[in-house]
Amino acid sequence: MNFRHLDYVIAQFFDVSTSPVFKVLSQGHINDTFCFSANGREYILQKINRDVFRTPEVLMQNMVTVAEYLQRNSDLPHILFPLFNKQGACYAQDLEGAFWRVLPYIPNSYAPDVVTTIGQAEAAANMLGRFLAALKGLNTSRIQDTITGFHNSINRYAVFDQVVGRSSLDLRKKAGKSILAIRQYYPLFKEIQELSLPKWVVHNDPKISNVLFDQTSHEALCMIDWDTIMVGSILTDFGDMVRTACSSASEEEKDLDKIFLRPDFFEACCKGFLPAVQHLLTEVEQNHLLDGVKWIVLEQTMRFLTDFLDDNHYYKTSYPDQNLFRANNQLALYRSILAQEQELHQIIQQNLVT
Ligand code: GN1
Ligand code: MG
């Protein structure tokens, strides 16, 4: 990272006499994130990954639309307003034309990779539910796609298929069993496509590390990482929360025996999520909540596997085969869900108020 860019970008937002001190925040597979202080306050500085987000202006406009809407129409405790620079834009470009944004840093907060207590799972799921319920009234025409077909798993499967076809024999051998598993479970995507699911403005990436918690009280403070807020289905949001809050291990765990879906954490997610949104759900949505979980876990397996077979262009990696390990991690979680399907359905039913 060229730190000259950081100073150049920050100077578009602040008059700072000394060069700010940066801390690199390493979470997140896509953007580069830093923390810095200026004029006695701390801020987040993020470089938007242009390979993934082709239209950063659209993304930032969505973010402002959502923040303004939530401020007027919700009682959420923290709303992520991007800062406007001296020219009145909600982003800045560096000397190479890359896009950056600045957000206030919420003091005394953390974003976990794994949930350690049931209380955290319930609080995170409740925060997501409140966030989505508040967004339900936002007209879908006001939000534009930042990534086309983000949760279109049928299209993603077609891409996966092409990538398998052109990948090297060596990679295909390493990933052989996982490729077969995707092919075996693929009909789920077809079944979901047949459902008539209402369109919501949703988060689309509400994994547990996109929930900020208070370091002292462990209360959930807010949903962060609004890059993928787009029109979609609430099922994938519930699914992604469960995928990450209820897994016994992080996405990076390599020992497959350590990975399973924790039913008590699942119950906590239902307890937190459903009361906040149930009145807004159609019968189809209520009946397919668990399919939302299966959908997102299988799709995530396929996305990691596709990237492994495609030379790891998409997700940041720090060692060879990392995306294959991640795919197998998600596959183990998927199989654990299948093994507990009936119990999980019962838990949902018990937590839907009749
Ligand atoms: C990426 O940017 P980050 O780390 O929050 C990805 C999500 C995946 C997630 C898996 C834009 O999220 O869709 O679920 O990794 N974001 C994008 O951890 O592809
Ligand atoms: Mg993200």
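Residues numbered from 1 in each chain as written. Chains lettered and ligands numbered in written order. Predicted model: local features only at pLDDT ≥ 70, side-chain atom pairs only at ≥ 80, totals over all residues. Heavy atoms only, no water.

Trainee: Let's hear about the overall build of the chain: which residues, and what values?
Mentor: What the chain contains, in helices and strands, is 13 helices and 10 strands. Projected onto the principal axes, the alpha-carbon positions of the chain cover approximately 60 × 55 × 40 Å. Taking all 354 residues of the chain together, 56% fall into the buried category. Across the chain, every contact between residues at least 6 apart in sequence was considered, and the portion connecting residues at least 24 apart equals 74%. Carbon and sulfur atoms make up 49% of the accessible area of the chain, which totals about 15,700 Å². Here the chain contributes 32 positive and 41 negative side-chain charges, whose respective centroids are spaced 4 Å apart. (Helix = DSSP H or I, 4+ residues; strand = E, 2+ residues; numbered from the N terminus. Buried < 20%, exposed > 50% of the residue type's maximum accessible area, 1.4 Å probe, protein only. Contact = heavy atoms within 4.5 Å. Areas by Shrake-Rupley, 256 points an atom, 1.4 Å probe, with all protein chains shown as cover. Lys, Arg positive; Asp, Glu negative; His and termini not counted. Charge placed at Lys NZ, Arg CZ, Asp CG, Glu CD.)

Trainee: So what's going on with the site of ligand 1? Residues and values would help.
Mentor: The immediate surroundings of ligand 1 are formed by 17 residues, with His 29, Lys 207, Gln 300, Arg 303 and Tyr 314 found nearest. Within the side chain of Asp 205, a nitrogen or oxygen atom sits 2.9 Å from an oxygen atom of ligand 1. Glu 251 places a side-chain nitrogen or oxygen 2.8 Å from an oxygen atom of ligand 1. Considering ligand 1 on its own, with 440 Å² of exposed area, one finds that the protein chains cover 96% of that surface. Residues that form the shell around ligand 1 fall into these classes: six nonpolar, five polar and six charged. Each of domain 1 (3-104) and domain 2 (118-351) contributes no fewer than three residues to the shell around ligand 1. (Near = heavy atom within 4 Å. Polar contact = N/O pair within 3.5 Å; in protein donor to acceptor, adjacent residues only side chain to side chain. Nonpolar A, V, L, I, M, F, W, Y, C, P; charged D, E, K, R; others polar. Domains from an automatic or database assignment.)

Trainee: Explain the coordination of the magnesium ion (ligand 2) residue by residue, including any values.
Mentor: Listed as protein donors to the magnesium ion (ligand 2) are Asp 205 (OD) and Asp 225 (OD); their distances from the metal cover 2.0 to 2.8 Å. Taken together, the residues Asp 205 in the loop between strand 7 (200-202) and strand 8 (211-214) and Asp 225 in the loop between strand 9 (220-223) and strand 10 (230-232) connect sequence positions 20 residues apart. (Donors = N, O, S within 2.8 Å, 3.2 Å for Na, K, Ca; no water.)

Trainee: I'd like a rundown of the packing of aromatic side chains, residues and numbers included.
Mentor: Across all of its chains, the model carries 16 aromatic pairs by this definition. Look at Phe 14 and Tyr 43: their rings are 4.8 Å apart centre to centre, the planes differ by 55 degrees, and that puts the pair in the tilted class. With Phe 14 in the loop between helix 1 (3-10) and strand 1 (22-25) and Tyr 43 in strand 3 (residues 41-47), this residue pair connects regions lying 29 residues apart in the sequence. Of the two residues examined, Phe 14 and Tyr 43, each falls in the buried class. (Phe/Tyr/Trp six-rings, centres within 6.5 Å; stacked < 30°, edge-to-face > 60°.)

Trainee: Can you break down the domain arrangement of the chain residue by residue, with the values?
Mentor: Accessible area lost during the coming together of the parts is what is often quoted as the interface size. Here the chain is partitioned into domain 1 (3-104) and domain 2 (118-351). On a C-alpha basis, the centroid separation for the pair domain 1 and domain 2 is 26 Å. Overall, the association of domain 1 and domain 2 removes approximately 2,500 Å² of surface from exposure, summing both partners, and the carbon and sulfur fraction of that is 64%. Sorting the residues of domain 1 by area buried against domain 2 places His 29, Asn 62 and Tyr 69 first, and these three jointly supply 26% of that buried surface. (Buried area = accessible area lost by both parts, 1.4 Å probe.)

Trainee: Can you explain the environment of Phe 84? Please cite residues and give values.
Mentor: With respect to the secondary-structure elements, Phe 84 resides in the loop between helix 2 (56-73) and strand 4 (92-93). It is 8.2 Å that separates the C-alpha atoms of Phe 84 and Val 102, two residues lying 18 residues apart in sequence. With residues near it in sequence (within four places) discarded, Phe 84 still touches Phe 13, Val 64, Ala 89 and Cys 90.

Trainee: Would you mind going over the sheet that holds strand 4 in detail, with residue names and values included?
Mentor: As summarised here, the arrangement of the five strands in space is 1-2-3-5-4, forming an open sheet in which the pairing is antiparallel. Each of the sheet's edge strands pairs with one partner strand only, and the pair in question is strand 1 and strand 4. As judged from the four bridges shared by strand 1 and strand 2 (residues 32-38), these two strands associate in the antiparallel manner. Paired with Val 24 across the strands is Phe 34, a residue of strand 2. (Pairing = 2+ DSSP bridges.)

Trainee: Go over the pattern of salt bridges with me, naming the residues and quoting the values.
Mentor: Per the stated rule, a full pass over the model turns up 13 salt bridges. Between Lys 316 and Asp 32 there is a salt bridge whose closest N-O contact spans 3.2 Å. Taken together, the positions of Lys 316 in the loop between helix 11 (289-309) and helix 12 (322-339) and Asp 32 in strand 2 put the pair 284 residues apart, joining distant regions of the chain. We classify Lys 316 as partly exposed; its relative accessible area is 35%. Taking the relative accessible area as the measure of exposure, Asp 32 reaches 27% and is therefore partly exposed. (Salt bridge = Lys/Arg side-chain N within 4 Å of Asp/Glu carboxyl O.)

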